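Next come the chains, spelled out residue by residue.
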Amino acid sequence: MEEKRRELTWEEEEEHAKVDVWKHLLKSRCHGSPMTLLELSSALSCDPSHLYRLMRALVHRKIFKDLNTTQKGSSGYAQTPSIQRLRKYKDLWSFSATNPDHSKLFNDAMTCDAKVVVPAEIKSCKGLETIVGVGGGNGILLRLLVEVCPWIWGINFDLSHVVSVSPECDRVENVAGDMFDCVPKADAVITKGVLHDWGDDDCIRILKKCPEAVPKDTGKVIIIDAKLANVKLMLDVVMIVDTKKGKERSLEEWEYILGEADFTGHTITHVHAIQYFGIQAFS
Ligand SMILES: C[S@@+](CC[C@H](N)C(=O)[O-])C[C@H]1O[C@@H](n2cnc3c(N)ncnc32)[C@H](O)[C@@H]1O
């Protein structure tokens, strides 16, 4: 998408600089060996004294290590072991699959905001008999939804290592599978906090599977996800580390992937949670 050209504010420039530093440090040879401040500042064409202060903050947050690599005492920066460990895996989900504690921690964290999302989406669920939660995690969203909408049957759809430990619930069935292959059929699809884990091409692939799962004329695809402006740019940078291709999107970027996935229209719902907003997309 073409970005409209305009002067960047000082804050935006600073955020761009942070993103450049992260991208460079994460994707460059710094994987194997540390980079000195001068190497980094010349690669990024930026002022070493400003860069030093930024790196000092990232070291303080334990995102990078500061190593005294040269005789002259100039610092070398390297990734911390925790980031390197994560990056050995194909993505966050393969890391979770082999680390049950991480999987539980992650799902527990995701549970917190489901309570805020459900009241905002009750209206969208009127008239539905079945709904499938794609990438539904431990199924909390659907469990809360069927509690307030007892006429609905929920299908919590996620990878097998996730649904195998998802709690049982009377009106929610746990189904294992891969959303890139096929989504179980229902009156509506709901996906919360899933698409921002993926790059545009993967999002478009996932979104193209959703209309195949719902009735042609009446089916709904409900997306609850983060929107830039609600979330800060730094969280977008964290997505580079956690997911490789995941990103936080502006409304225009969401509209771009919806268009590419052949949706012809959408409406927006407001969710009173800091990071989320809702999109109901139509084919
Ligand atoms: C950020 S979590 C969101 C979980 C849940 N929607 C919530 O908000 O509580 C993303 C979910 O996508 C699931 N996921 C990742 N790859 C998947 C795939 N190929 N098929 C189905 N689910 C997948 C993960 O296992 C994880 O539960």
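Residues numbered from 1 in each chain as written. Predicted model: local features only at pLDDT ≥ 70, side-chain atom pairs only at ≥ 80, totals over all residues. Heavy atoms only, no water.

Per an unreviewed UniProt entry, the protein carries the name (RS)-norcoclaurine 6-O-methyltransferase-like and comes from Pyrus ussuriensis x Pyrus communis.

Relative to the helices and strands, D236 is located in helix α10 (residues 233-243). The exposure class of D236 is buried, given its relative accessible area of 18%. In this structure, the C-alpha to C-alpha distance between D236 and K247, residues 11 residues apart in sequence, is 5.5 Å. Setting aside residues up to four positions removed in sequence, D236 forms contacts with K247 and E248. (Helix = DSSP H or I, 4+ residues; strand = E, 2+ residues; numbered from the N terminus. Buried < 20%, exposed > 50% of the residue type's maximum accessible area, 1.4 Å probe, protein only. Contact = heavy atoms within 4.5 Å.)

What follows concerns the sheet that holds strand β7 (residues 188-192). The seven strands are arranged β6-β5-β4-β7-β8-β10-β9 in an open sheet whose pairing can be described as mixed. Where the open sheet ends on each side, the last strands, each with one partner, are β6 (172-176) and β9 (265-270). Sheet twist, expressed as the mean angle between neighbouring strand axes with direction ignored, is 20°. With three bridges joining them, strand β4 (residues 130-134) and β7 adopt parallel strand pairing. Within β7, the residue paired with I131 across the bridge is A188. Those strands touched by helix α6 (residues 100-121) are β7, β8 (220-226), β9 and β10 (276-282), and its axis lies near 140° from that of β7. The strands touched by helix α11 (residues 251-260) within the sheet are β8, β9 and β10, with β10 carrying the most contacts at an inclination of about 30°. (Pairing = 2+ DSSP bridges. Axes fitted to C-alpha atoms, helices over the stretch in contact; angles between N-to-C directions.)

A few words on the side chain of R143. Along the chain, the position of R143 falls in helix α7 (residues 140-148). This buried residue, R143, is left without a salt bridge; E147 holds the nearest opposite charge, at 7.1 Å. At 2.5 Å, the side chain of R143 forms a polar contact with the backbone oxygen of N138. Apart from residues lying up to four places away in sequence, R143 is in contact with N138, P167, C169 and V172. (Lys, Arg positive; Asp, Glu negative; His and termini not counted. Salt bridge = Lys/Arg side-chain N within 4 Å of Asp/Glu carboxyl O. Polar contact = N/O pair within 3.5 Å; in protein donor to acceptor, adjacent residues only side chain to side chain.)

Considering all chains together, one arrives at two aromatic pairs under this definition. With a centroid separation of 5.0 Å and an interplanar angle of 75°, the aromatic rings of F180 and W198 are classed as edge-to-face. You can see F180 sitting in the loop between β6 and β7 and its partner W198 sitting in the loop between β7 and α9 (200-213), a full 18 residues away along the chain. Residue class for W198 comes out buried when judged on its relative accessible area of 13%. Over the ring of F277 we find K227, and its NZ or CZ is 5.1 Å from the ring centre. The ring of W254 has R249 sitting right over it, with the charged end atom 5.3 Å from the ring centre. (Phe/Tyr/Trp six-rings, centres within 6.5 Å; stacked < 30°, edge-to-face > 60°. Lys NZ or Arg CZ within 6 Å of the ring centre and 35° of its normal.)

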